[in-house]
Amino acid sequence: MFRTITATYASKAAVTNVVDELINGGLPSEKITSDDATMLVMVKVPTTEVPGIMEILNRHEPTKIS
């Protein structure tokens with residue numbers, strides 16, 4: 001089963017850093033969607049990987065995460 005996690009950030013730099021860290025951590029880029037205009041990152045991952053992804057997303061201080 002998969003889960004989509006959405007996080008919003010206060011800056012474009014944070015969005016870039018999150019995406020870079022996710023990719024460098026081994027997550028395929030096709031599982032990540034980002035939008036600099038809305039400063040949003042969406043990640044589609046198996047439910048077993050959610051805790052690790054949440055840790056990365058929270059490191060960059062999201063304004064909202066769901």
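Residues numbered from 1 in each chain as written. Predicted model: local features only at pLDDT ≥ 70, side-chain atom pairs only at ≥ 80, totals over all residues. Heavy atoms only, no water.

A. Structural detail: the overall build of the chain. Counting its secondary structure elements, the chain contains two helices and four strands. Walking the chain from its N terminus toward its C terminus, one meets helices and strands in the order β-α-β-β-α-β. For the chain, whose C-alpha radius of gyration is 11 Å, the value lies close to the compact-globule estimate of 11 Å for 66 residues. Once the C-alpha set of the chain is aligned to its principal axes, its extents read approximately 30 × 20 × 20 Å. Expressed as a percentage of the 66 residues in the chain, the buried residues total 27%. The long-range share in the chain, meaning contacts at least 24 apart out of those at least 6 apart in sequence, stands at 70%. Element-wise, carbon and sulfur atoms account for 53% of the exposed surface of the chain, whose accessible area totals about 4000 Å². One way to put it: in the chain the 6 positive side-chain charges average out to a point 8 Å from where the 8 negative ones average out. (Helix = DSSP H or I, 4+ residues; strand = E, 2+ residues; numbered from the N terminus. Rg over C-alpha atoms; globule rule 2.2 N^0.38 Å. Buried < 20%, exposed > 50% of the residue type's maximum accessible area, 1.4 Å probe, protein only. Contact = heavy atoms within 4.5 Å. Areas by Shrake-Rupley, 256 points an atom, 1.4 Å probe, with all protein chains shown as cover. Lys, Arg positive; Asp, Glu negative; His and termini not counted. Charge placed at Lys NZ, Arg CZ, Asp CG, Glu CD.)

B. Structural view of the pattern of salt bridges. Here the structure, examined in full by the defined rule, presents two salt bridges. The closest approach of N and O atoms between Glu-55 and Arg-59, which form a salt bridge, is 2.9 Å. Here Glu-55 and its partner Arg-59 are both found in helix H2 (residues 50-59), four residues apart, which amounts to about one turn of the helix. Using a relative accessible area of 47% as the deciding quantity, one classes Glu-55 as partly exposed. Judged by relative accessible area, Arg-59 falls into the partly exposed class, the value being 47%. (Salt bridge = Lys/Arg side-chain N within 4 Å of Asp/Glu carboxyl O.)

C. Highlighting the sheet that holds strand S3 (residues 40-46). With respect to topology, four strands assemble into an open sheet ordered S2-S3-S1-S4, the strand pairing being antiparallel. The open sheet has two edge strands, strand S2 (32-35) and strand S4 (64-65), and neither has a second partner. Two elements, S2 and S3, share four bridges in a ladder whose sense is antiparallel. Within the sheet, the bridge partner assigned to Thr-33 lies in S3 and is Met-42. Strands S2 and S3 of the sheet are contacted by helix H1 (residues 12-24), whose axis makes an angle of about 20 degrees with S3. (Pairing = 2+ DSSP bridges. Axes fitted to C-alpha atoms, helices over the stretch in contact; angles between N-to-C directions.)

D. Expanded view of the environment of Gly-25. When you line up the elements, Gly-25 lands in the loop between H1 and S2. Relative accessible area serves as the criterion here: at 62%, Gly-25 is assigned to the exposed category. Note: C-alpha distance between Gly-25 and Ala-14 (eleven residues apart in sequence) is 16 Å.

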